[in-house]
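Observations on the model geometry
Chain by chain, the residues:
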Amino acid sequence: MRGVSRRGFVRSLCAAAPVFSFDRLIAGQPLGVQFVNVAREAGRRAKTVFGSENRNKFLLETTGCGCAFFDYDNDGWLDILLVNGTRFEDNWPPDLAPVSRLVKNNRDGTFTDVTVAAGIARTGWGQGVCAGDLDNDGFEELFVTYWGDCSLWHNNGKGGFTDIATRCGVTTNPGNGQARWNTGCAFLDYDRDGNLDLFVANYIDFDPKTTPLPESGPCLYKGLLVACGPPGL
């Protein structure tokens, strides 16, 4: 894959992918494509944490988090950043707190966890992630969104990252004591000046201190108690 851009790789996939009619899809006809979960064989056993396992009190706990495939060390093989979350009710010991995971492609179908060595072990309510080469040095940076301050991880080209979100003014902290619920993000050169710009999507205002619990609403969906949120969810 060396020398092939990510855009070129995606185009090649699209060109090779079969096209199925809507009729075939809804009829349940065999499509000739099968996916097999090989996460364990690839060495991926880390647990994704996002809210309580047994009961969700808040809408935030029902969302989950994203991931990014990108070649962080420019060896021609895609690595993976798996965003992680946390829980409201747990006080995690430092060595057990859930963190987003960076795993390096071993080029043999397996991956090695390099999170700590790369310096990106952060605990929080992670949401989305996007990758892009902000300084045009050939190495891609990562922007990770959170309910709370976001992280902009600068790739130093030597296997490590540094969070420069505060220095660059992109934590998205509104400065009023309220944590902003950042969700998706995208790098794009909207003004075509040759430098990537950043778009960050946001969701509703959320404060667990003032948000009603399901039973106090009551917040119902088809007669069942659910996390309180905008009507229709």
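Refer to the structure printed above.
Because the structure is a prediction, the values reported are computed rather than measured.

1. So, the sheet that holds strand E1 (residues 67–70)
Here four strands make up an open sheet; going across it, the order is E1-E2-E3-E4 and the pairing antiparallel. The open sheet terminates on both sides in strands that have one partner only, identified here as E1 and strand E4 (111–113). For this sheet, the mean inter-axis angle between neighbouring strands, taken without regard to orientation, is 20 degrees. Both E1 and strand E2 (residues 79–82) contribute to a ladder of four bridges, which runs antiparallel. Along E2, the bridge assignment pairs phenylalanine 69 with isoleucine 80.

2. Digging into the nonpolar core
Ranked by size, the top nonpolar core spans 16 residues in total, and within it Phe70, Leu81, Leu102, Ile120, Val129, Leu142 and Phe161 carry the most contacts. At the level of secondary structure, the elements contributing two or more residues to this core comprise E1, strand E5 (126–132) and strand E6 (141–146). In terms of residue count, E6 provides more of this core than any other element does, three residues in total. Residue contacts for valine 129: discarding those within four places in its chain leaves Gly66, Cys67, Ala68, Leu81, Val83, Leu142, Phe143, Val144 and Cys185.

3. With respect to unusual backbone geometry
A negative phi angle characterises most non-glycine residues, just as the trans form characterises most peptide bonds. Backbone geometry places asparagine 74, a non-glycine residue, at a positive phi of 55 degrees. Note on placement: asparagine 74 falls in the loop between E1 and E2. Phi at asparagine 136 takes a positive value of approximately 55 degrees, unusual for a residue other than glycine. When you line up the elements, asparagine 136 lands in the loop between E5 and E6. For asparagine 136, a relative accessible area of 47% translates into the label partly exposed.

4. A few points about the environment of tyrosine 203
Summarising the element assignment, tyrosine 203 is placed in the loop between strand E10 (197–202) and strand E11 (220–221). On the basis of relative accessible area, tyrosine 203 is assigned to the partly exposed category, the value being 35%. Distance from tyrosine 203 to threonine 183, taken between C-alpha atoms, is 6.6 Å for residues 20 residues apart in sequence.

Each value, and the rule that gives it
- Residues numbered from 1 in each chain as written.
- Predicted model: local features only at pLDDT ≥ 70, side-chain atom pairs only at ≥ 80, totals over all residues.
- Heavy atoms only, no water.
- Pairing = 2+ DSSP bridges.
- Helix = DSSP H or I, 4+ residues; strand = E, 2+ residues; numbered from the N terminus.
- Axes fitted to C-alpha atoms, helices over the stretch in contact; angles between N-to-C directions.
- Core = buried A, V, L, I, M, F, W, Y, C linked by side-chain atoms within 4.5 Å.
- Buried < 20%, exposed > 50% of the residue type's maximum accessible area, 1.4 Å probe, protein only.
- Contact = heavy atoms within 4.5 Å.

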